[in-house]
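Each chain is listed here by its residues.
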Amino acid sequence: MNFLDYETLRVIWWVLLGVLLIGFAVMDGFDLGVGILLPFVARSDGERRVVVNAVGPVWEGNQVWLILGGGAIFAAWPLIYAVAFSGFYLAMLVVLLALILRPVGFKFRSKMPGTRWRATWDWLLFLGGFLPALIFGVAVGNALVGAPFTFDDTLRMTYVGGLLGLLTPFPLLVGLVSVAMLTMHGGAYLALKTEEPVAGRARRTAFFAAIILILLFAVAGYWSAGLDGYRIAGAFPHDSDSNPLGKAVIRIAGGWYANYAAMPWTLAAPCLGFGGATLAALALRLRWDGLGFIASALAVAGVVATAGVSMFPFLLPSSLDPRSSLTVWDASSSQATLFNMLVAAVIFVPVVIAYTAFVYRVLRGRVSEAQVSADHSSY
Amino acid sequence: MIDPTAVDLSRLQFALTAMYHFLFVPLTLGLSVLLAIMESVYVMTGRRVWRDMTQYWGMLFGINFAMGVATGLTMEFQFGTNWAYYSHYVGDIFGTPLAIEGLMAFFLEATFVGLFFFGWSRLSKVSHLATTWLVALGTNLSALWILVANGWMQNPVGAAFNPRSMRMEVTSFYDVLFNPVAQAKFVHTVSAGYVTGAIFVMAVSAWFLLCGRNAAFAKRSMTVAASFGLASALSVVVLGDESGYTASENQKMKVAAIEAMWETEPAPASFTVFGIPDLAADQTNYAVRIPWVLGLIATRSLDTPVPGIRNLVADNADRIKSGMIAYGALAKLRINPGDDDARAAFAAHVQDLGYGLLLKRYTDKVTDANAEQIQEAAWDTVPNVLPLFWSFRIMVAIGFFFIAFFAFSFWLSAKRRLDRHRWFLRLALLALPLPWISAELGWFVAENGRQPWTIDGVLPTFLSVSSVGQASVAVSLIGFVLLYSLLAIVEVFLMIKYIRLGPEGALGAPAEATAQ
């Protein structure tokens with residue numbers, strides 16, 4: 001199984017981790033954003049059913065990006081899976097409880113006629129979109145500042161801190177970036193998939209969300225210039241067995257800008273974030289809804305990629321014990337597993353993308369109130 | 001040292017969330033295939049009633065499916081949140097089937113399930129049928145990969161410990177995938193799901209007939225369910241027997257505990273149908289035994305003895321001593337990877353490293369354990385005899401009931417007498433909870449019988465937990481119990497409402513909102 005060397009496989013899986021997270025943020029991101037927007041852009045029950053049914057047939061498939069993300073991190077980056085999810089324990093609990101509300105919310109909301117029943121599910125669907133959007137952002141923010149964990153010699157991890165320790169100013173700002181981004185993306189989707197007046201309200205909200213995203217993303221970028229970044233000190237082999245205790249790590253103010261200075265082409269990531277959001281705002285103003293959604297998706301990809309590129313090769317630095325930090329070179333699974341997983345990904349990702357595209361093609365067109373109430377399968 | 005309360009709470013949370021999740025999974029497995037069969041008949045005959053059947057059972061499928069998806073999310077992330085050391089220790093092997101499950105199976109199922117509900121007017125008959133079959137295929141493949149992962153916990157093949165990364169790493173993905181335990185469990189589990197779907201359709205249809213409504217719809221549904229159920233019930237029992245055989249090869253202690261068999265049974269071993277295990281005296285009273293049967297189930301022979309608990313404990317004490325040597329050598333290797341003596345000692349004893357880890361409950365250093373601690377750790381390898389003994393017997397009894405029930409239903413449907421006997425319809429309705437009871441008991445036997453290990457012989461359960469405090473685990477446990485209880489009430493309420501509405505009510509125009 002040595003068709004690819006260990007270092008290359010690790011870089012490939014770092015890229016694939018990015019692809020998965022971007023896939024999640026672009027695909028499941030818009031229906032999380034639609035959840036956030038549901039109580040605001042749709043007022044009557046008929047309008048709300050249009051919004052729910054605009055994502056109804058596709059959100060379940062989109063959410064698999066999250067499930068797959070979890071599984072792929074488990075398989076390719078087991079230490080990240082172990083440290084991040086147990087370290088951010090109560091935050092993950094809130095995310096899970098919020099996400100659990102979504103399948104049942106979409107399915108059960110319109111199964112009973114009562115207005116109070118439906119209004120309750122509408123607000124639960126709002127929470128099911130808002131809380132994960134916020135907390136995933138806060139988690140990325142905490143990864144950028146480092147998390148307080150350390151390993152003992154048997155690689156058992158100890159995390160020092162609780163839920164409140166995650167809620168410091170910079171991570172909260174990143175949380176707001178995430179909320180603005182997914183609100184924009186959900187709005188751009190609704191602008192494309194619904195009719196007036198819902199589409200108009202979604203378009204306006206998405207426009208403002210895009211502007212706020214540009215501002216917050218800029219503030220976060222400026223702020224992170226002053227943050228302590230992390231760097232591996234000295235030579236460190238990129239192809240040895242994963243053991244995060246084998247390296248020395250130093251902290252440098254502004255260290256997260258080092259990759260951009262060393263490799264200016266990586267600036268493409270933040271440029272895509274700013275450019276995509278600007279283009280999305282412009283297109284939404286001009287009612288070019290198709291372009292608006294594509295531009296919004298590009299912005300999402302750019303913003304997510306920016307976090308990854310800034311930290312490379314770090315995945316989850318430790319603020320408590322920097323040498324315990326998890327990096328691309330010492331937190332991956334074995335060479336054989338990375339290779340097996342790569343084979344699976346190369347075979348199945350194109351298949352998944354192909355049938356997903358087929359399903360979206362079948363479901364193309366705007367969703368109308370008349371159409372929703374004519375079909376007994378509607379949510 | 002590890003906080004034993006946090007371990008117990010994490011185990012309780014995992015058991016509750018997994019068993020709750022598995023209330024929805026078997027019905028999804030069974031109904032998805034039944035829907036595909038019903039719609040196939042619709043496409044072949046063009047008769048409207050078969051389309052109504054697909055849509056009505058599909059609507060009930062949808063309510064159940066939403067709960068399965070919601071509770072499955074918890075399962076995907078709980079290994080990381082509560083079992084972090086497990087995730088690190090075996091993620092290299094265990095993560096792969098979970099990731100491939102998402103990629104190959106759940107994507108398929110979840111993408112096409114939307115089209116199943118929303119595609120009736122947008123797809124041709126044949127394309128929609130293909131969609132339904134793809135949902136069923138995705139569902140079943142999903143079970144395959146999950147059981148490959150679970151099978152590896154029971155029988156950890158194709159992996160070796162790497163001292164430098166302090167974890168198990170894959171040596172043969174082929175062995176992990178074609179693990180005989182996983183294959184037997186997969187067919188046993190999906191067949192149990194098919195039985196669940198068949199009983200569900202039988203029970204609801206019987207209720208329609210008892211109420212004197214939807215006779216044509218109900219009888220057709222029962223005909224499909226009876227034949228599908230009979231094949232599945234036979235498969236469940238036969239493959240359950242195969243599971244017993246594969247388990248006895250690598251999990252002798254589990255078999256001995258299920259049998260409450262304290263001493264080694266000379267060949268051919270007899271099977272205890274009934275008895276009262278006495279834990280204080282380590283013996284089973286009032287036992288009713290059938291000669292030869294256990295020998296045949298467990299060894300497929302008449303001349304191989306089946307080892308008893310006391311003998312296995314003695315064997316395990318030896319493995320613990322060998323594990324202590326492995327652990328001591330590992331500690332030396334971690335400090336000095338070039339230590340050749342330690343490397344040789346480690347290689348000679350690494351297969352018992354997991355047994356050495358059992359001592360971590362008594363001494364953090366492992367190598368300094370005394371004879372008493374070794375003996376205690378050896379007895380720790382015995383799972384809970386009493387609940388295993390009874391759970392297994394109830395599960396098997398229900399399994400045989402299913403064969404009899406479906407055989408009779410099949411005969412009735414062949415004679416076109418499904419609606420003749422009210423006692424039969426009442427029996428079908430009363431049978432509704434049985435597949436869930438037997439499935440939950442089956443998982444209890446499989447997972448509790450694996451204790452004290454998460455990975456059999458490799459990693460003890462108490463070492464597998466995260467370093468999360470007991471207060472946090474208590475909070476999450478309470479959170480899950482509250483939310484799951486509320487959702488259970490909503491789910492049962494909606495199910496009953498849509499069953500009462502019946503096909504004509506549920507497939508009519510959807511209710512518009514009304515003020516309350």
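Residues numbered from 1 in each chain as written. Chains lettered and ligands numbered in written order. Predicted model: local features only at pLDDT ≥ 70, side-chain atom pairs only at ≥ 80, totals over all residues.

Draft legend 1. Spatial organisation of the overall build of chain A. A tally of helices and strands in chain A yields 13 helices and six strands. Here chain A has a C-alpha radius of gyration of 21 Å; the compact-globule value for 379 residues is 21 Å, and the two agree. When the backbone C-alpha atoms are referred to their principal axes, chain A occupies close to 65 × 40 × 35 Å. A total of 379 residues make up chain A; the buried ones form 58% of that total. A fraction of 80% describes how many contacts in chain A between residues 6 or more apart in sequence connect residues 24 or more apart. (Helix = DSSP H or I, 4+ residues; strand = E, 2+ residues; numbered from the N terminus. Rg over C-alpha atoms; globule rule 2.2 N^0.38 Å. Buried ≥ 20, exposed ≤ 12 C-beta atoms within 10 Å, placed from the backbone. Contact = placed C-beta atoms within 7 Å.)

Draft legend 2. The arrangement of the overall build of chain B in detail. Scanning chain B from N- to C-terminus turns up 17 helices and six strands. Its C-alpha radius of gyration of 25 Å places chain B within 12% of the 24 Å reference for a compact globule of 516 residues. Its C-alpha atoms put chain B at 75 × 50 × 45 Å along the principal axes. Among the 516 residues that make up chain B, the fraction classed as buried is 54%. In chain B, 78% of the contacts between residues at least 6 apart in sequence involve partners at least 24 apart.

Draft legend 3. Geometry of the domain arrangement of chain B. Per the domain assignment, the segments making up chain B are domain 1 (4-251 + 384-505), domain 2 (265-299) and domain 3 (310-380). The distance between the C-alpha centroids of domain 1 of chain B and domain 2 of chain B comes to 31 Å. (Domains from an automatic or database assignment.)

Draft legend 4. Layout of the interface of chain B and chain A. Between chain B and chain A, the residue contacts involve 70 residues of the former and 70 residues of the latter. It is helix α3 (residues 84-118) of chain B that provides the largest number of residues to the side of chain B that touches chain A, a total of 24 residues. Grouping the amino acids of the side of chain B that touches chain A by side-chain chemistry returns 39 nonpolar, 23 polar and eight charged. (Nonpolar A, V, L, I, M, F, W, Y, C, P; charged D, E, K, R; others polar.)

Draft legend 5. Spatial organisation of unusual backbone geometry. The linkage connecting Phe312 of chain A with the following residue, Pro313 of chain A, adopts the cis geometry, with an omega of 0 degrees. Tracing the sequence through the fold places Pro313 of chain A in the loop between α11 (289-311) and β5 (314-316). Put simply, Gln451 of chain B and Pro452 of chain B share a cis peptide bond, and its omega is 10 degrees. Tracing the backbone through its elements, the reader meets Pro452 of chain B in the loop between α16 (434-448) and β5 (453-455). Within the chain, Met166 of chain B stands out as a residue other than glycine whose phi angle is a positive 55 degrees. For Met166 of chain B, the location among the structural elements is in the loop between β1 (159-162) and β2 (167-170). Phi is positive for Ala260 of chain B, close to 50 degrees, though the residue is something other than glycine. Its 24 C-beta neighbours within 10 Å are what place Ala260 of chain B among the buried residues.

Draft legend 6. Main features of the nonpolar core. Counting 304 residues, the largest nonpolar core has Ile80, Leu190 and Leu213 of chain A as the members making the most contacts within it. Top contributing element to this core by residue count: α3 of chain B, with 23 residues. (Core = buried A, V, L, I, M, F, W, Y, C linked by C-beta atoms within 7 Å.)

Draft legend 7. Structural context of helix α1 (residues 4-45) of chain B. Residue and element names in this part refer to chain B. End to end, α1 covers 61 Å across 42 residues, agreeing with the expected 62 Å (1.5 Å per residue, within 8%). At Leu23, α1 shows its maximal kink, close to 30 degrees; a proline, Pro26, follows between one and four residues later. A positive backbone phi angle near 70 degrees is found at Gly46, which sits one or two residues after α1. (Expected span 1.5 Å × (residues − 1). Bend = angle between axes of the 7 residues up to and from the residue.)

Draft legend 8. Broad picture of the confidence of the model for chain B. All names here are of chain B. Residues at a pLDDT of 70 or more form 94% of chain B, whose mean pLDDT is 89. Scored below 50 in pLDDT, residues 509-516 shows 17 contacts in the model against residues more than four places distant or in partner chains. In the model output, the complex is listed with pTM 0.92 alongside ipTM 0.92. (pLDDT = per-residue confidence, 0-100.)

Draft legend 9. How the structure looks around the environment of Ala18 of chain B. All names here are of chain B. Mapped onto the elements of the fold, Ala18 is located in helix α1. Here Ala18 falls in the partly exposed class, since 17 other C-beta atoms lie within 10 Å of it. Separated by 31 residues in sequence, Ala18 and Val49 have C-alpha atoms that sit 37 Å apart.

Draft legend 10. Looking closely at the packing of helix α2 (residues 48-82) of chain B against helix α17 (residues 470-506) of chain B. Residue and element names in this part refer to chain B. Running from N to C, α2 and α17 point in directions that differ by 170 degrees, and their axes come no closer than 9 Å. Classified by the angle their axes make, α2 and α17 are roughly antiparallel. Residues Asp52, Tyr56, Met59, Leu60, Ile63, Met67 and Asn82 of α2 pack against Val473, Leu487, Glu491, Leu494, Met495, Tyr498, Pro503 and Ala506 of α17. Class assignment for the residues of the contact of α2 with α17 results in twelve nonpolar, one polar and two charged. (Axes fitted to C-alpha atoms, helices over the stretch in contact; angles between N-to-C directions. Parallel < 35°, antiparallel > 145°, perpendicular 65-115°, else oblique.)

Draft legend 11. Spotlight on helix α6 (residues 115-145) of chain A. Taking 1.5 Å as the rise per residue, α6 of chain A with 31 residues should run 45 Å; its terminal C-alpha atoms sit 45 Å apart, in good agreement. Of the residues flanking the end of α6 of chain A, it is Gly146 of chain A, one or two places downstream, whose phi is positive at about 95 degrees.

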